Every structure is written in C-alpha cells, then in structure tokens.
Amino acid sequence: MKLGTSPAEFIWATGVENTFVPQERPGHRSLDEYMLMGHYEHWREDLSLAADLGLQAIRWGVPWYRVEPFPNEFDWRWTDAVVDWLLEREICPIVDLMHYGCPYWLRREFASSEYPAAVAAYTSAFTRRYGDRIRWYTPLNEPLVNALMCGKLGQWPPYFRGDSGYIRVLLQLIKGMQATVDAIRAQVTDPVLVWVEAVGLHVAFSEALEVLAAEDRRRGYISYDLLTGRVDTAHPLFPWLIRNGASLHDLEEIARNRVTLDVLGMNFYPQWSRQSVTLDSRGRLAYRNAEDDGAAFGSILRDYHARYGAPVIVTETSAFGTDEVRARWLAGSVAEVRRLRSQGVPVLGYTWFPMLTMIDWKYRLGRKPREAYRIDLGLYTMREPGDPGAGRWRPTPLVEMLRAFVADPVASVGPLVPAAASQEWRR
C-alpha cells in the first residue's frame, strides 16, 4: 500500500500502545498492553476509531512472544485478521516489529548471543507473510528506553543495572536492528523504515551544570550514532562506552553494518521529555521534569533532521492532564509542525499516541488492581460503568480537533516549502 505519492503530502496517524514484557518474577507482573486493555478481543472496535477519524496510518505492534510461542513455530491467525482489516480500509500499518519484550523461550532475552539472529528470523517470517502488502516498519521502538528499563534500572528482563548493563543491552539492540533491516530488505520491495526513538532535551538549571546537560544531550544521540556508524575512537562518548564494557570489536562490527536512516520517528511528551539538570538539597545531581511550551519540541525536530539529514515523523506525542491541557498541546504541537514545515524542515507526519487509554508501566511493579494504573493520554477514554453511550470508548474533545486537522491539512500544517519538497523522498 502506498501511503502517499508526493513529499508535499502529510501523514496523519495514531497508534495503540503495544508494550509487551510478558515475563514474570516475584514482584514483577506481566505487562502486555493488548491484554490489559482488552485489545486482543476488541481490536475491531478499537481500530474502527482510527478509520472513523480518517487517518492514513496507525502504529500497531506485533506481540512477538505470542506469534512465535516456540522457536520457528508461528501462529499468525490473529495478525492475519488485523492486517487484512486495516488494509481493506486503506489504513497503512506502520508495524512495530519490536515494541519491547522477547518471547519466553529466548533465555536471557536481549543479553542472549542468539538475540540478533532470533529477531531477524522472526522478522523474515513476518515479511514473508505480509511483505507484499506492508512496506512501513519500525525495527525497534525506543532503543534508549529499552536499554534503560532492561539494562540500567533492572525492571525488565534481563534485569541488568548501571551503565555497563545499559550499554550491554543497547549494543545488542543495535545489532538486532541491523539484522532486522537485512531481513526486511530481503523480502520487501522498497520498504520504508521508521527509526523511532524517545527524544528529549536536557537543560541546565545553572551555568555550572551545562557541561552535564551537554553530556546528557550527546547520550540522547547514541542509538542513531551507533546505527549510522558514527561511533569511532573520536566520538565523544567512546571513552564512556569502552569503560563500561563495550568492546572495540563490537563497535567496529556495528560501524561496518551501518544503516541509512529512511525516516526519523520522534517520540516526545511535553511533561516528560524536557528535563532540567539540577542539584538536590544535598548538592547531588538530580533531574526534574520541565514542561515544554512547544519550543523544545520544535528545536528537537529541527536538530535531529539537521544532524542525520533524514525527514522526520512525529511518531508519538500526547499530553497528560485535563482535556484543556491536552487540547492546548495538540493545537500547539501541530502549529509548531506547521512552522517547521514553512521553514523547510521536512516533518512528514504527526501521530497522537496512544489513541486509547493505556495502563501505566508502574503496573508491572505494583500491587493494585489494573484499573488503578489507567492513564488517559489518548483521544478516547474508556467508559466507566453507567456512562451514557455505546461501546467501550468515550471520545474526548480532542477527537473533533484532530478530525478538523486531518480534513484540512493545508490549514493545519501547510505545505512543505519548495526546498524541502524537492528532496528525494520515497513513498
């Protein structure tokens, strides 16, 4: 399916939160967002909302651990039904092949030496089945967050901690992403790969802390720098990588297998993606969320495009708070996209994510019932018992706002300026 025919066209999208961390251990519950929110049973009702909005695309993930319950044994019955339904309605799935989490049988998960080959084999099986109809793929969602949760904080398997664990997991993810690219390109004609990362801006609370904020900003580039073969002995983070367990052999192998970034997928949340580097009451390093008014959002999109020379799609953004707070962010972020496009920055799409109520990741480590962890970031919120209306979902005021933007993209995001529109761009 072609998502568009001209770089002047704009992609409006949404997505269903699809984090899959099924492994349990004492104090760690299974975190499968589809299961927790009933998407496996109610997917037609859920996805019908995207069709009703007139969106061209949806970020939708495959639960690897369910489709490959045993090595090289695949069950595509559920994905067959969903993919057919989306394509019949001309909604292009931007497929998250990996949105966190490995199957049960892959011992030590991302730390396993078999991980890159295993994820490539799963990708090959998926693209053999669907590659003649699906061209848009995300090899892995948010490698830096994945490395943080699995490698530094020890909350997800393989439960490593510290910078050495973070780097160990990150390098495995990069190898897996590079193997995934080869598997996709072996099966899919002219694929479009959307490289999705959690992006943010670290600012210093005082001038004395600017050197620390600058280091944090450099670390925010590291996944893309590794993927594109930019990390060598001259890279500013090379000493940090080597001192924390990265081998020169691994870094050289990753650089040899460098990839070209088709599209940069930027995930940004105004309450969480801008952080102030400061000191606590004891004078120790601390971080505080610093809500964004849109300026950081725009500067990040511009910065990543300039650094890597690839077009940009906003692959996740939404806001936490009242409907008024969230509506201001929707209006303000779309206006910022319009401003960037008018200045020649090729922002090619916008995704409000998630579309629906989701379960906070804190559920995994918590003890309360599932309902206590609901987060309403979406366009629709789950109806409470006794609410008027039919179906599981109640539209928020953002639905009509987004519908108006989608109906009139010239007014909402405007055309790309000629300099940006003339860039070669494959659809």
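Please refer to the structure higher up on the page.
Reference entry: report on the structure contained in this document.

Basis of the calculations
Residues numbered from 1 in each chain as written. Predicted model: local features only at pLDDT ≥ 70, side-chain atom pairs only at ≥ 80, totals over all residues. Heavy atoms only, no water. Helix = DSSP H or I, 4+ residues; strand = E, 2+ residues; numbered from the N terminus. Contact = heavy atoms within 4.5 Å. Pairing = 2+ DSSP bridges. Axes fitted to C-alpha atoms, helices over the stretch in contact; angles between N-to-C directions. Core = buried A, V, L, I, M, F, W, Y, C linked by side-chain atoms within 4.5 Å. Buried < 20%, exposed > 50% of the residue type's maximum accessible area, 1.4 Å probe, protein only. Right-handed = clockwise from strand over helix to strand, strands pointing away.

With respect to the helices, strands and loops of the structure, Thr123 is situated in helix α5 (residues 115–130). Apart from the residues within four sequence positions on either side, Thr123 is in contact with Leu97, Thr180, Ala183 and Ile184.

What follows deals with the sheet that holds strand β6 (residues 136–138). Strand pairing in a sheet relies on backbone hydrogen bonds, with the paired strands running either antiparallel or parallel. An order of β1-β4-β5-β6-β7-β9-β12-β13 is seen for the 8 strands of this closed barrel, with the pairing classed as parallel. Across the sheet, the axes of successive neighbouring strands diverge by a mean angle of 25°, strand direction being ignored. One ladder, built from 5 bridges, connects strand β7 (residues 192–198) with strand β9 (residues 263–267); its direction is parallel. In the strand pairing of β9, Ala198 is matched with Asn267. Lying on the sheet, helix α7 (residues 162–187) is in contact with β6 and β7; it crosses β7 at an angle near 160°.

Another aspect to go through is the nonpolar core. Trp12 and Tyr115 are the most contacted members of the largest nonpolar core, which has 120 residues in total. Here this core takes 10 residues from α7, the largest share from any one element. The contact partners of Tyr115, leaving out residues within four places of it in the chain, are Trp64, Met98, Cys102, Leu106, Glu109, Phe110, Leu140, Gln172, Leu173 and Gly176. Of all hydrophobic cores here, the second largest spans 13 residues; its members include Ala13, Val194, Val196 and Leu416.

With 5 of 5 residues buried, strand β5 (residues 92–96) is to be regarded as a mostly interior element. The alternating pattern of β5 places Cys92, Ile94 and Asp96 on one face and Pro93 and Val95 on the opposite face, and all of these are buried. Two elements, strand β4 (residues 57–61) and β5, share 5 bridges in a ladder whose sense is parallel. Bridge assignment links Arg59 to a residue of β5, and that residue is Ile94. The pairing of β5 with β6 spans 2 bridges and is classified as parallel. Of the residues in β6, the one forming a bridge with Asp96 is Thr138. Taking the sense of rotation as the criterion, the β-α-β connection linking β5, α5 and β6 turns out right-handed.

Everything listed is a geometric property; what it means functionally is a separate question.
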